[in-house]
Amino acid sequence: MSEPEDAALEQRDRRAENRFIVMAAVTGIVTGTIGSFFHLAIDRLSTWPQALGRLLHGPWLVLAAALITMIVTVAMVAVVRRYAPEAAGSGVQEIEGAMSNLRNVRWRRVLPVKFLTGIGALSSGLVLGREGPTIHIGASIAAATTDFFKVSDTERRGLLGAGAAAGLACAFNAPLAAVLFIIEETHNQFPYNFRSYMGVIVAAFFSTVMTEVIGGTAPDFSMSVATPALALLPAFIVLGVLLGFVGVALNASLMSVSGFTIAMHKRIPYLMPALIGLAIGALFILFPRAVTGGENVIVALARDHVVLSALLLLAVLRFATMVVSYSAGTPGGIFAPMLALAIAVGLAFGTILEGLLPEGAAIPLAFGIAAMGGLFSASVRAPVVGVALTLELTGAYTMTLPLIATCVTANIAARWLGGQPIYEQLLERTLKQAGVHPERMPHRPESELG
């Protein structure tokens, strides 16, 4: 090939590269804007129990709240099942399937259904996270962008990853963790080339900018803790082992209970969502820390001194409410509820250790923070993301070493226990229900590694 032809080819590649970066930036800006208003709507509507409490009292208040959450839950499930069944749950597995060319992102249906029913489900009190819907929304915006522009399959998959990263960055105001999530969680599906990689970073950056412009700049769960002594690192390793057990049990419970709910729906439609809604709505009044996504719970537990018995009760309740809420079939993620469950477990562990060691040797909050990353690592099996996400959310960079020890140990323990990553299990079930039975997830072509 002659030099002029080489120059022309290089120029075309550069233009295509620039165009892809612009598409990623637009995806990030739109995702950050829509995701931020999604979060603001949930925050505003989630105050309905306080308004209801000004009208009703005692058993009537509990009954009314239970009925409201039940009606909303059943209605949201009905809309999802009727218009976009793939909008149920977090959506991460749907994006991984789409990046593997095994699922389609029907963005015209998913965007409005995920946005509206996600607001309804999360504000009703169900124990679900905002990050799942915003990840799916971001990837849907990316899919819409690829429909309007002629792109290659590699670019389409790369932009889906960029949209997902933008959604996670918006949910937690954590751009670095969002980028690492795509690298670590979707390593079997993401096309690793310079163009796609830069697109993910750009999308996460612009999404976070819009999130901070609209919602503020502080870490979502800003916390401060002194650097734990190096002598305590073995205790964080023990915590990691404990969280490995909890993570495996949590994944197994999520899969089995949601499977049971799907089977029950074939026999008695909407019975399980109705029962789940009744229970969650009643708890919204009786024990509000046991429900909702858990963002406020995390902040309150980090601030207040909670006795050991209350922490253990809260951990058991949030484990159960998270599992049943996800099984209902409404949109909603598992990250935020997982973090709330984890901090309760970690604080309980730290409180026990505080009673065994000399005064001031153990700091319960340090173990609470470490547990947030550890349980994430045990369930999702992404320890690097667990460390980065916890540090970005809390701003507690004094916890870097303990977090690494906890996350790595939790990941190893979960693997030794035979646990499988939660999104891998969810994707496998999604494909099975759709009649797709790939022998294995596709590997990346070598040409995409450069």
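Structure first, text after, so check above.
Owing to the predicted nature of the structure, the values given are computational and were not obtained by experimental measurement.

S.K.: Looking at this structure, I do not really get the pattern of salt bridges. What am I missing?
M.R.: Should the charged atoms of two oppositely charged side chains come close, the side chains can pair. Under the criterion given, the structure shown has 11 salt bridges. Where R106 meets E86, a salt bridge forms, and the shortest distance between an N and an O atom there is 2.8 Å. Placement of R106 in the loop between α4 (92-99) and α5 (107-123) and of E86 in the loop between α3 (58-83) and α4 is noted, with a sequence separation of 20 residues between them. Its salt-bridge partner being D153, residue R157 comes within 3.7 Å of it at the nearest N-O pair. One end of the pair, R157, and the other, D153, are both in helix α7 (residues 153-172), 4 residues apart, so they sit about a helical turn from each other. A relative accessible area of 36% means that D153 is categorised as partly exposed. A single salt-bridge network, built from bridges that share partners, covers R19, E155 and R195.

S.K.: Is there a simple way to think about the packing of aromatic side chains in this case?
M.R.: Aromatic ring pairs are described here by two measures, namely the spacing of the ring centres and the angle between the planes. Throughout the structure, instances matching the rule amount to 11 aromatic pairs. A ring pair is formed by F190 and Y192, whose centres lie 5.1 Å apart and whose planes are at 85 degrees; its orientation type is edge-to-face. With respect to class, F190 is no different from Y192; both count as buried. Over the aromatic face of Y83 sits the side chain of R82, whose NZ or CZ is 4.9 Å from the ring centroid.

S.K.: Just checking my understanding: could you explain a nonpolar patch on the surface for this structure?
M.R.: A surface patch of nonpolar side chains, amounting to about 650 Å² of accessible area, comprises L230, L401, I404, V408, I412 and W416. Within the secondary structure layout, I412 lies in helix α17 (residues 400-416).

S.K.: Sorry if this is basic, but what is going on with the packing of α5 against helix α6 (residues 131-148) here?
M.R.: Each pair of packed helices can be described by the angle between their axes along with the distance between the axes. Running from N to C, α5 and α6 cross one another at 150 degrees; their axes reach a closest spacing of 9 Å. Relative to α6, the element α5 is oriented roughly antiparallel. In this structure, α5 meets α6 at a crossing whose hand is left-handed. Across from W107, R108, V110, L111, K114 and F115 in α5, the residues of α6 making contact are G132, P133, H136, I137, S140, I141, A143, A144, D147 and F148.

S.K.: Looking at this structure, I do not really get unusual backbone geometry. What am I missing?
M.R.: Glycine aside, the phi torsion of most residues is negative, and most peptide linkages are trans. The backbone phi angle of Y270 is positive, close to 70 degrees, even though this residue is not glycine. Mapped onto the secondary structure, Y270 falls in the loop between α10 (233-267) and α11 (271-286). Looking at Y270, the relative accessible area reads 28%, which means it is partly exposed.

S.K.: Looking at this structure, how should I read the environment of T117?
M.R.: Take T117: it is sitting in helix α5. Among the residues examined, T117 registers a relative accessible area of 3% and is labelled buried. Placed 53 residues apart in sequence, T117 and C170 show a C-alpha to C-alpha distance of 19 Å. Excluding its chain neighbours within four sequence positions, the residues that come into contact with T117 are M76, V79, V80 and P331.

S.K.: When you look at helix α14 (residues 335-356) in this model, what are you seeing that I'm missing?
M.R.: When the terminal C-alpha atoms of α14 are compared, their 32 Å separation across 22 residues agrees well with the 32 Å that a helix rising 1.5 Å per residue should span. α14 sits mainly inside the fold: 18 of its 22 residues count as buried.

S.K.: Would you mind showing me how to read the side chain of S90 here?
M.R.: Along the polypeptide, S90 turns up in the loop between α3 and α4. A relative accessible area of 1% places S90 in the buried class. Non-local contacts of S90, meaning those with residues more than four positions away in its chain, are made with K114, G132, P133, H136, Y326, G332, G333 and Y423.

S.K.: So what exactly am I meant to see when it comes to the packing of helix α16 (residues 383-394) against α17 here?
M.R.: The geometry of α16 relative to α17 is characterised by a closest axis approach of 9 Å and an angle of 145 degrees between their N-to-C directions. The element α16 and its partner α17 pack so that their crossing is right-handed. For the pair α16 and α17, the contacting residues are P383, G386, V387, T390 and L391 in the first and T400, L403, I404, C407, V408 and N411 in the second. The residue makeup of the contact of α16 with α17, split by class, is 7 nonpolar, 4 polar and no charged.

S.K.: I'm lost on the environment of S36 in this one. Help?
M.R.: Looking at where S36 falls in the secondary structure, it is placed in helix α1 (residues 3-45). Since its relative accessible area comes to 5%, S36 is described here as buried. Each C-alpha atom, one on S36 and one on S258, is 29 Å from the other, the two residues being 222 residues apart in sequence. With near-sequence residues (within four places) excluded, S36 lies in contact with T31, C170, M210, T211 and I214.

Rules behind the numbers
- Residues numbered from 1 in each chain as written.
- Predicted model: local features only at pLDDT ≥ 70, side-chain atom pairs only at ≥ 80, totals over all residues.
- Heavy atoms only, no water.
- Salt bridge = Lys/Arg side-chain N within 4 Å of Asp/Glu carboxyl O.
- Helix = DSSP H or I, 4+ residues; strand = E, 2+ residues; numbered from the N terminus.
- Buried < 20%, exposed > 50% of the residue type's maximum accessible area, 1.4 Å probe, protein only.
- Phe/Tyr/Trp six-rings, centres within 6.5 Å; stacked < 30°, edge-to-face > 60°.
- Lys NZ or Arg CZ within 6 Å of the ring centre and 35° of its normal.
- Patch = residues over 30% accessible without salt bridge, like charges linked within 9 Å, V, L, I, M, F, W, Y side chains within 5 Å.
- Areas by Shrake-Rupley, 256 points an atom, 1.4 Å probe, with all protein chains shown as cover.
- Axes fitted to C-alpha atoms, helices over the stretch in contact; angles between N-to-C directions.
- Parallel < 35°, antiparallel > 145°, perpendicular 65-115°, else oblique.
- Left-handed = near helix turned anticlockwise from the far one by under 90°.
- Contact = heavy atoms within 4.5 Å.
- Expected span 1.5 Å × (residues − 1).
- Nonpolar A, V, L, I, M, F, W, Y, C, P; charged D, E, K, R; others polar.

Taken by themselves, the reported measurements are silent on function.
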